Amino acid sequence: MEVRNIVILTGAGVSAESGLATFRGPDGLWEGHRVEDVCTPEAFARDPALVHQFYDARRARLAEVEPNSAHHALARLDAEWPGELLLVTQNVDDLHERAGSARLIHMHGELTSGWCLACNNRFPWAGEMNASSSCPTCTAPGMVRPDIVWFGEMPYAMERIEEALQRCDLFVSIGTSGAVYPAAGFVQTARYRGARTLEMNLEPSQGSYFFHESRIGRAGILVPAWVDEMLAAQSAQSRPMPS
């Protein structure tokens, strides 16, 4: 099957190899906190200081880590793939950008972005955020929150993602559990439209049976090998036939 258009979904398993904690541990806690206490609009309304402290710590952690070989391989594919390519990440870190990926959507928001609840503007943010932080656009104090999609909120750019899934020839899921919707349903959408489907993960995901192929192992090893395969196949297809 000739592949022209690709959609790639990445999850916490990609960034884990750079040293960032996965979303939720086996004890149900996220870096020592219940998700309900740091990742819902209700939690922010109840205890904004705790929520700000939690995301401040995660933002600071970004300065201590670097993109790994999986991030760099995906950036190489982005730069060299001649067809349509959309990298959709569930991760809120900036490691894909730092590796060089450009055709990218953060469906769950970004740690390095703020959102003003007064004027609805989103803007780059570095350093600490607290109850007195002001919006750089409208200057309203105390109305800035992390630009993160919390439980109960709609992920970003769903229309654009859906359009890409409808057109893709290949859907690839990397380092994701397959447990969080709507991302967990992307494979079904793509496969229903006739796309080939591939997952790369440390272990089979909850939706592993929806994929035509599963490759089990570390993303830092599997992804560069797969990118080499894709670019070699594309080069062979584009090479003129001998006369």
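Residues numbered from 1 in each chain as written. Predicted model: local features only at pLDDT ≥ 70, side-chain atom pairs only at ≥ 80, totals over all residues. Heavy atoms only, no water.

> For this particular structure, what's the right way to read the pattern of salt bridges?
Between side chains of opposite charge, a pair can form when the charged atoms approach closely. This model, assessed by the stated rule, comprises 14 salt bridges. A salt bridge links Glu-84 to Arg-167; the nearest nitrogen and oxygen atoms lie 3.0 Å apart. Here Arg-167 lies in helix H7 (residues 158-167) and Glu-84 lies in the loop between helix H5 (69-80) and strand S4 (85-89), a separation of 83 residues in the sequence. The salt bridge partner of Arg-215 is Glu-229, with a shortest N-O separation of 3.2 Å. One end of the pair, Arg-215, is in strand S11 (residues 213-216); the other, Glu-229, is in helix H9 (residues 219-238), with 14 residues separating them in the sequence. Residue class for Arg-215 comes out buried when judged on its relative accessible area of 18%. Assessed through its relative accessible area of 41%, Glu-229 is described here as partly exposed. Among the charged side chains, a network of salt bridges with common partners joins Glu-66, Asp-94 and Arg-98. (Salt bridge = Lys/Arg side-chain N within 4 Å of Asp/Glu carboxyl O. Helix = DSSP H or I, 4+ residues; strand = E, 2+ residues; numbered from the N terminus. Buried < 20%, exposed > 50% of the residue type's maximum accessible area, 1.4 Å probe, protein only.)

> Quick question: what am I supposed to make of the UniProt feature "active site" (unreviewed entry) in the protein chain here?
Look at the UniProt record and you will see "active site" (unreviewed entry) annotated at His-108. For His-108, the location among the structural elements is in the loop between strand S5 (104-106) and strand S6 (109-116). With residues up to four places along the chain from it excluded, the contact list for His-108 reads Thr-89, Gln-90, Val-92, Asp-147, Ile-148, Val-149 and Pro-155. (UniProt positions renumbered as here; feature names shortened; annotations may be inferred. Contact = heavy atoms within 4.5 Å.)

> Would you explain H7 in this entry?
Burial in H7 covers these residues: Met-158, Ile-161, Ala-164 and Leu-165. Across the axial projection of H7, the buried residues extend over an arc of 125°, all falling on one side. At its buried positions, H7 is contacted by strand S1 (6-10), S4, S5, strand S9 (170-174) and helix H8 (186-192). (Arc of directions from axis to C-beta.)

> Sorry if this is basic, but what is going on with the packing of aromatic side chains here?
How two aromatic rings sit relative to each other is given by the distance of their centres and the angle of their planes. Inspection of the entire model under this criterion finds 6 aromatic pairs. Each ring, one from Tyr-55 and one from Trp-150, has its centre 6.2 Å from the other, and the planes form 35°; the classification is tilted. Highlighted residues: Tyr-55 in helix H4 (residues 48-62) and Trp-150 in the loop between strand S8 (144-148) and H7, separated in sequence by 95 residues. Of the residues examined, Tyr-55 reaches a relative accessible area of 0% and is grouped as buried. (Phe/Tyr/Trp six-rings, centres within 6.5 Å; stacked < 30°, edge-to-face > 60°.)

> Mind showing me how you'd approach the sheet that holds S1 here?
The strands making up a sheet associate through backbone hydrogen bonding, with each pair oriented either parallel or antiparallel. The parallel open sheet is built from 6 strands, whose spatial order is S5-S4-S1-S9-S10-S11. Both edges of this open sheet fall to S5 and S11, since each of them pairs with a single strand only. Across the sheet, the axes of successive neighbouring strands diverge by a mean angle of 15°, strand direction being ignored. Running over the sheet, H7 touches S1, S4, S5 and S9 and is turned about 130° from S4. (Pairing = 2+ DSSP bridges. Axes fitted to C-alpha atoms, helices over the stretch in contact; angles between N-to-C directions.)

> What exactly am I supposed to notice about the domain arrangement of the protein chain here?
Accessible area lost upon the coming together of the parts serves often as the stated size of an interface. Taken domain by domain, the protein chain comprises domain 1 (1-20 + 67-108 + 155-242) and domain 2 (21-64 + 109-148). Tallying the contact residues gives 14 residues for domain 1 and 14 residues for domain 2. Across the interface of domain 1 and domain 2, roughly 1100 Å² is buried in total on both sides, 53% from carbon and sulfur atoms. The three residues of domain 1 that bury the most area against domain 2 are Leu-20, Val-92 and Tyr-156, which together make up 50% of that side's buried surface. (Domains from an automatic or database assignment. Buried area = accessible area lost by both parts, 1.4 Å probe.)

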